[in-house]
2 protein chains.
Amino acid sequence: MNNLIDETIAKIQPLDANAMDAARARQDQLTKPHGALGRLETLSIQLAGITAQARPRFTQPAIITMAGDHGIARQGVSAYPAEVTPQMVFNFLSGGAAINVLARHVGARVVIVDMGVASELPAHPDLVNAKIALGTRDFSREPAMTHDEAIRAVEAGIEIATREITPSTHAQDGADILGTGDMGIGNTTPSAAITATITRRTVKEVTGRGTGVDDAGLARKIAMIERALDLHKPDANDALDILCKVGGFEIAGLAGVMIGAAARRVPVVIDGFISGAAALIACGLAPTVQPYLIAAHRSVEIGHRAILEHLRVEPLLDLDLRLGEGTGAALGISLCLAAAKILDEMATFADAGVSEKS
Amino acid sequence: MNNLIDETIAKIQPLDANAMDAARARQDQLTKPHGALGRLETLSIQLAGITAQARPRFTQPAIITMAGDHGIARQGVSAYPAEVTPQMVFNFLSGGAAINVLARHVGARVVIVDMGVASELPAHPDLVNAKIALGTRDFSREPAMTHDEAIRAVEAGIEIATREITPSTHAQDGADILGTGDMGIGNTTPSAAITATITRRTVKEVTGRGTGVDDAGLARKIAMIERALDLHKPDANDALDILCKVGGFEIAGLAGVMIGAAARRVPVVIDGFISGAAALIACGLAPTVQPYLIAAHRSVEIGHRAILEHLRVEPLLDLDLRLGEGTGAALGISLCLAAAKILDEMATFADAGVSEKS
């Protein structure tokens, strides 16, 4: 194990019970029947525990969208050609992608990170270059990355989360709530391999159509993942081993983001299937990350259900999304802000002179 | 039937098929796999059909929250005393209620309407006075309202929707998307009576705990509604008859809002159980209203499921809410704005130079 990863994990504390008690007590004094705002109330209490603040306020949401390419994509596991990964990075940078629209809608900034796109991208002021390699290797033949690459990718995620959270090192105020997002043609394949390994489900149970392969493509994808898991035999209890053998650079980076955010008591709203696979890796490295995670939505991609069950998190939304990029996370962030504002801004029965339950 | 109601219903047109086709075609050109934004895509197409615009833009959301009292509340069907209705109206006017917090969060204004609170409320610049009477009559003994009162309440809703939508008659720009909300101690009881009648379910199947009555209170509430339906025998095919016998002034007003909005091609995001009962009345008066309705969420209140099934609408959210006031509608409006922005603001494959599916 590595110093930065270990050091960061060692800083992760349990949720703050005092702040949660205070939030719970305040919810019961607000001018509404007890529990009438359901998930918004429980979410506000979780946010209090995460931030260790009885009335957390969020003003600087940021979505970290990480891009990477996958050697396995050469095996025809995606409906789209691999050149779409860099094309979509440019689309993110020019503000025309779904994540840009939804992030603007919810008032979040988007941080685009090249974790391992398979082409050299021109420098751009809004692009964070954390490229580990020009895509992973084809894991149907060899491990996706070296042990050193896996560590460097997780470390990069920790560093990026820390930089985004810290006000002094960044042009803008530090982010106080993070969302995760991904872009990488072929990346539902490593995500399914990770999910099957960690949740101990069959490959078939956790492998879907991604961006839209047909029946034959899906059968080929399942068979390829089964053969790869047979070849590499990743250790279900060793998240770094899984990353090396069947992972992806953006997945490793997102796991690092989650670890880095948890160490700084910043909530992380996780997007769909690929972010979920990263969450499995993050919680594999450090189970203490789990309470810092908020599942934005339930993806159409079938493996996502297995992830949510394994992580014991209940998604906020179920809108048949399967895009990634952080699109579900953006909508989830808006609900987190709503929950925190309810806790902070509503009048109490005493404030408003409203009679309580008889 | 009445002139204003009939005239307004006569103006309601089917959704605009050309706008929907254009929206559908554009969705398929946007830089994402076909259908990858799920409900946001279908919602954007519905919004195009409602507004008859291929790329609808919404900048002026408004939530109309109507308050009324209920004679039936004297029978102990609520966990809260009836004085809470006017107290909560004041809380709305001073900005401390949940609906104020969530409306601010999503950028909507709130229009508070007194449809029939059981006390004289002092004039307030932000309170619309449309009081039909000082609460309905106790429908365990007599009809809740007269035929004339029912008509006037629906008309008031039509007039208020029209005024809010029309720019020239209001200080602000006209609302381009509406949400509905309610306040009225005891109002899950008329809502359950309406729901049982129109959806032809048993009272037990559609009656829940409201703001939180205990087991004995729930049994009493069910028995009372059963006796009232037995006494009045409302005609399931006559929405005005149902309103008169077991309705409420805020429910009638909200039905009018839905009819008025549909006639002006303005989408209506309906909140939970009480708004749902109003939607049953609105669609009973004019089935053509249905495609203009967007169900914000699935309430904890069990009768809401029967309403959603009867109306054949799929809710956007399922967050265990049971507050009313328009709180779910506020969150639903935010998703409608997100859906419309996706359709309007995203780059196409051609715009962004992104390769299409192979």
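Considering helix 9 (residues 215-232) of chain A
Residues and elements named next belong to chain A. The terminal C-alpha atoms of helix 9 lie 26 Å apart, and with 18 residues this matches the ideal 26 Å at 1.5 Å per residue to within 8%. Those residues of helix 9 that sit buried are G217, L218, K221, I222, M224, I225, A228, L229 and H232. Angularly, the buried residues of helix 9 cover 165° about the axis, an arc narrow enough to put them on a single face. With respect to the buried face of helix 9, the exposed residues turned more than 90 degrees away are D215, R227 and D230. Among the structural elements, helix 7 (188-199), helix 8 (203-206) and helix 10 (239-246) are those in contact with the buried residues of helix 9.

Concerning the relation of the copies chain A and chain B
Once chain A is rotated about the relating axis by 180° and shifted along it by 0.0 Å, it coincides with chain B to within an RMSD of 0.0 Å. Given the turn and translation reported, the copies of this chain are related as if by a two-fold rotation axis. Minimal C-alpha separation from the rotation axis in chain A is found for L317 of chain A, amounting to 3.2 Å. Comparing interface residues between copies, 100% of those in chain A also sit at the interface in chain B, which points to an isologous, same-surface contact.

Here we look at the interface of chain A and chain B
Listed per partner, the contact involves 54 residues of chain A and 54 residues of chain B. In this assembly, chain A packs against chain B so that about 4,500 Å² is buried in total across both faces, 62% of it on carbon and sulfur atoms. Broken down residue by residue, the surface that chain A buries against chain B is led by Y80, H105 and L319 of chain A, which jointly contribute 13%. Counting every contact that joins chain A to chain B gives two salt bridges. In this structure, the salt-bridge partner of E345 of chain B is R104 of chain A, at a minimum N-O distance of 3.0 Å. At the junction of chain A with chain B, the criterion picks out 22 residue pairs in polar contact (both at pLDDT 80 or more). Looking at the side of chain A that touches chain B, the elements with two or more residues in it are helix 3 (38-51), helix 4 (84-93), helix 5 (98-106), helix 14 (327-345) and helix 15 (349-352) of chain A. If one sorts the elements of the side of chain A that touches chain B by residue count, helix 14 of chain A sits on top with nine residues.

Digging into the sheet that holds strand 3 (residues 127-129) of chain A
Pairing between the strands of a sheet comes from backbone hydrogen bonds, and it takes one of two forms, parallel or antiparallel. Residue and element names in this part refer to chain A. The six strands lie next to each other as 3-2-1-4-5-6, forming an open sheet whose pairing is parallel. Two strands bound the open sheet, and with one partner strand each, they are strand 3 and strand 6 (293-295). Mean inter-strand twist for the sheet, computed between neighbouring axes without regard to direction, equals 30°. In terms of strand pairing, strand 1 (residues 61-68) meets strand 2 (residues 109-116) through seven bridges, oriented parallel. Opposite A67, over in strand 2, you have D114 as the bridge partner.

A look at the domain arrangement of chain A
Residues and elements named next belong to chain A. Domain annotation for chain A reports domain 1 (3-55 + 344-352) and domain 2 (61-337). The straight-line distance from the C-alpha centre of domain 1 to that of domain 2 is 27 Å. Approximately 1,800 Å² of surface area, both sides summed, lies buried where domain 1 meets domain 2, with 71% of it carried by carbon and sulfur atoms. Looking at the side of domain 1 facing domain 2, the largest losses of area belong to I5, I12 and I50, adding up to 32% of the total buried there. Viewed at the interface, domain 2 and domain 1 are joined by zero salt bridges. Taken together, domain 1 and domain 2 are joined by eight residue pairs in polar contact (both at pLDDT 80 or more). Those elements that place two or more of their residues in the side of domain 1 that touches domain 2 are helix 1 (3-11) and helix 3. No other element matches the eight residues that helix 3 contributes to the side of domain 1 that touches domain 2. Class assignment of the residues belonging to the side of domain 1 that touches domain 2 gives a composition of 11 nonpolar, five polar and three charged.

Reading the values: rules and limits
- Residues numbered from 1 in each chain as written.
- Chains lettered and ligands numbered in written order.
- Predicted model: local features only at pLDDT ≥ 70, side-chain atom pairs only at ≥ 80, totals over all residues.
- Heavy atoms only, no water.
- Helix = DSSP H or I, 4+ residues; strand = E, 2+ residues; numbered from the N terminus.
- Expected span 1.5 Å × (residues − 1).
- Buried < 20%, exposed > 50% of the residue type's maximum accessible area, 1.4 Å probe, protein only.
- Arc of directions from axis to C-beta.
- Contact = heavy atoms within 4.5 Å.
- Least-squares fit on C-alpha atoms with pLDDT ≥ 70 in both.
- Buried area = accessible area lost by both parts, 1.4 Å probe.
- Salt bridge = Lys/Arg side-chain N within 4 Å of Asp/Glu carboxyl O.
- Polar contact = N/O pair within 3.5 Å; in protein donor to acceptor, adjacent residues only side chain to side chain.
- Pairing = 2+ DSSP bridges.
- Axes fitted to C-alpha atoms, helices over the stretch in contact; angles between N-to-C directions.
- Domains from an automatic or database assignment.
- Nonpolar A, V, L, I, M, F, W, Y, C, P; charged D, E, K, R; others polar.

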